[in-house]
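# Structural overview
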Amino acid sequence: MTLTIPYWHVDAFADRPFGGNQAAVMVLEEWLPDDVLVKIGGENNFAETAFVVRDATGAADWELRWCTPTYEIALCGHATLASGHVLLQRDGGERVTFRTRKSGILEVVRDGEGYEVGLPALKTAPGASDEAAPLMGGNPVAIYRPQGAEIRYHIFLYATEAEVRALDPQIRALGALGNDQFIATAPGDPGSGYDCVSRVFVPGGGVDEDSVTGSAHSLLTPFWVERLGRNNLRAHQASQRGGDLTLRLDGDRAWLGGPCVTVVEGAFYL
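These lines cover the structure that appears in this document, whether it is placed above or below. (Residues numbered from 1 in each chain as written. Predicted model: local features only at pLDDT ≥ 70, side-chain atom pairs only at ≥ 80, totals over all residues. Heavy atoms only, no water.)

### Some details on helix H6 (residues 214-228)
Here is the rule: Secondary structure elements follow DSSP: runs of H or I no shorter than four residues count as helices, runs of E no shorter than two count as strands, and numbering proceeds from the N terminus. Here, expected helix span is obtained from the residue count minus one, scaled by 1.5 Å. What is called the bend at a residue is the angle between a pair of axes, fitted to the seven residues leading up to and ending at it and to the seven starting from it. Three labels apply to residues, based on accessible area from a 1.4 Å probe with only protein chains included: buried if under 20% of the type maximum, exposed if over 50%, partly exposed otherwise in between.
With 15 residues, H6 should cover 21 Å at 1.5 Å per step; its first-to-last C-alpha distance of 20 Å lies within 8% of that length. In the structure, H6 departs most strongly from a straight axis at leucine 220, where the bend amounts to approximately 30 degrees and where the proline proline 222 lies between one and four residues downstream. With 12 of 15 residues buried, H6 is to be regarded as a mostly interior element. Listing the buried residues of H6 in full gives Gly214, Ser215, Ala216, His217, Ser218, Leu219, Leu220, Thr221, Pro222, Phe223, Trp224 and Val225. In the segment just after H6, glycine 229 is the residue with positive phi, at about 70 degrees.

### Some thoughts on helix H1 (residues 34-44)
In an α-helix, one full turn covers 3.6 residues, which means residues spaced three or four apart are oriented alike. Our working rule: Summarising the geometry, the arc corresponds to the directions from the helix axis toward the C-beta atoms. Contacts are residue-level and defined by heavy atoms, with any inter-residue pair within 4.5 Å sufficient.
All buried positions along H1 are accounted for by Val36, Leu37, Ile40, Gly41 and Asn44. Taken around the axis of H1, the buried residues stretch over an arc of 145 degrees, which confines them to a single face. In H1, those exposed residues whose orientation departs by more than 90 degrees from the buried face are Lys39 and Glu43. Buried positions along H1 lie against strand E1 (4-12), strand E2 (21-27), strand E3 (48-54), strand E4 (62-67) and strand E18 (260-269). Positioned one or two residues after H1, asparagine 45 has a phi angle of 60 degrees, which is positive.

### Examining the nonpolar core
Across soluble globular proteins, you tend to see nonpolar side chains buried next to one another. Definition in use: To define a nonpolar core, start from buried Ala, Val, Leu, Ile, Met, Phe, Trp, Tyr and Cys residues and group those joined through side-chain atoms within 4.5 Å.
Residues Trp66, Phe98 and Leu256 are the most contacted members of the largest nonpolar core, which totals 53 residues. Ranked by size, the runner-up nonpolar core spans 15 residues in total, among them Met136, Leu167, Ile171 and Val197.

### Side note on the pairing of strand E11 (residues 153-157)
Short version of the rule: In this description, strands pair whenever DSSP reports at least two bridges between them.
Within E11, five of the five residues are buried, leaving the element largely enclosed by the surrounding structure. Burial along E11 is two-sided: Tyr153, Ile155 and Leu157 facing one way and His154 and Phe156 facing the other are all buried. Strand direction decides the pairing type here: strand E10 (residues 142-146) and E11, joined by three bridges, are antiparallel. Each bridged residue has a counterpart across the sheet, and for isoleucine 143 the counterpart in E11 is phenylalanine 156. With five bridges joining them, E11 and strand E12 (residues 181-187) adopt parallel strand pairing. Note that in E12 the partner of histidine 154 across the bridge is phenylalanine 182.

Written out as structure tokens, the structure reads:
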């Protein structure tokens, strides 16, 4: 018997096709086996596929999980934004909540013509990344790590936007270090309209360079709010597809804003 799963291909943090970050959103009646979810993620071959199931506990509207082409992850911002876009467009309303397994309750709300997604704001502290630093290249002025040993993120702070854009990391060698996320960031150039820029590499997770990374900005929001001394920032991720985000810090939440566009709507047959 063929299982028909509703499917949406969404470009998140984009107001037209071919920009932002691609995500698949799939609405399930019940959870499929874990290995099947990962295989579907591999079949879709986007940075992330989001799976949602109605939350029977009453804690949120939906349960939410995310898979890269190779494994399940603990947090994904752009695919959460895409999931909120799909469900609010389909069902109406101003907000939708998601219960996740490792990142608590997440929320997507309408914001003008776009949306905001609220993620846990992850604070960082100066740290070391001795193996990764020479593989990233350039001359980072400092390296920061999240305050939590289980969170495998690295922030490399560069002096200029041009340095971030010019990076040519040793991707295969970075991937050999594990499923870590390597974030390069710098202040935006004067007159660019951006407060900060970034690039993000996750080769150990099957994503050599991510297009627009919500989870990275759950660190970059408090990081840049503290350094710039003000809230409500504009950020740009300088990937090949590129994408713009608004950033604001509200207590322990990093709110990331931007539009979404549905590129494909159909069904996945299993």
